[in-house]
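Chains, contacts and geometry: an overview
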Amino acid sequence: MKPGLPVSDTLYGAMMERNPRFDGILYVGIVSTGIVCYPSCRSRLPRRHNIRVFTSMRAALEAGFRPCKRCRPDSPAGQPPDAELVRKAETFIRDNFSAPMTLDSMARALNVSPYHLQRVFKRATLQSPAQRLREIRLMKARELLAEGRATVGEVAARAGFHSPSYFAARFQEAFGMTPSAFREKED
Ligand SMILES: [Zn+2]
């Protein structure tokens, strides 16, 4: 048996969901492949009994695991400088806001871990990437509503909101009126 701790229900649950909340805190060594990953790694979920948990990357390496090439748990040095990452993330969000987007998909596109993206972006902008995405979508929606040509449903879709009712609620929250009320005011 290799060193490291067995996986807890909570951690295994996060791994199943590809949830990044333990990334950078816990490292999962996979005995069958000899690879160590961030818990949110997109690679195929390992069988539970094959997982050994480490609290540092160094401990995993000392136990003989090799870092995963996909989630790259070993390479803060290989990651772009923070300012560059923030700029790239902002550009990516602006270019793609109308498409479905999650923290995971942004991180994949930017070739960093979701944990790293969330932390660096928030430290620099005081907003999470998801908050920034929503803000850009709302600004775009307001612009489209002011132009006055598309229906509220079309505006929601073009701004990247998959549900008109969710869009209406977020719009009201941000601007203090419903999209329809805003449109009437602009007319
Ligand atoms: Zn991995």
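Residues numbered from 1 in each chain as written. Predicted model: local features only at pLDDT ≥ 70, side-chain atom pairs only at ≥ 80, totals over all residues. Heavy atoms only, no water.

Topic: the pattern of salt bridges
Basically, it comes down to this: Each reported salt bridge corresponds to a side-chain nitrogen of Lys or Arg within 4 Å of a carboxyl oxygen of Asp or Glu. Secondary structure elements follow DSSP: runs of H or I no shorter than four residues count as helices, runs of E no shorter than two count as strands, and numbering proceeds from the N terminus. Throughout this description, buried means an accessible area under 20% of the type-specific maximum (1.4 Å probe, protein chains only), exposed means over 50%, and partly exposed covers the range between.
Counted according to the given criterion, the structure contains 11 salt bridges. With its nearest N and O atoms 2.3 Å apart, the salt bridge here joins Arg42 to Asp104. Linking Arg42 in the loop between strand S2 (35–37) and strand S3 (51–54) with Asp104 in helix H4 (residues 103–110), this pair joins segments that are 62 residues apart in sequence. On the accessibility criterion, Arg42 (31% relative accessible area) is partly exposed. Residue class for Asp104 comes out buried when judged on its relative accessible area of 14%. Notably, a salt bridge pairs Arg134 with Glu173, separated by 3.7 Å at the nearest N-O pair. You can see Arg134 sitting in helix H6 (residues 129–147) and its partner Glu173 sitting in helix H8 (residues 164–175), a full 39 residues away along the chain. In this structure Arg134 comes out as partly exposed when scored by relative accessible area, which is 33%. For Glu173, a relative accessible area of 53% corresponds to the exposed category. One continuous salt-bridge network, built from bridges that share partners, spans Glu90, Arg94, Arg132 and Glu135.

Considering the packing of H6 against H8
The following threshold applies: To get an axis, a line is fitted to the C-alpha atoms, and for a helix only the part in contact is used. The angle between two axes follows their N-to-C directions and goes from 0 to 180 degrees. Working rule for angles: under 35 degrees goes down as roughly parallel, over 145 as roughly antiparallel, 65 to 115 as roughly perpendicular, anything else as oblique. Note on definitions: a residue-residue contact is assigned when non-hydrogen atoms from the two residues lie within 4.5 Å.
Look at H6 against H8: their axes get within 11 Å of each other, and the N-to-C directions meet at 90°. Here H6 lies roughly perpendicular to H8, going by the angle between them. Where H6 approaches H8, its residues Arg134, Leu138, Met139, Ala141, Arg142 and Leu145 are matched on the opposing element by Tyr166, Phe167, Arg170, Phe171, Glu173, Ala174 and Phe175.

Read these as geometric descriptors, not functional statements.
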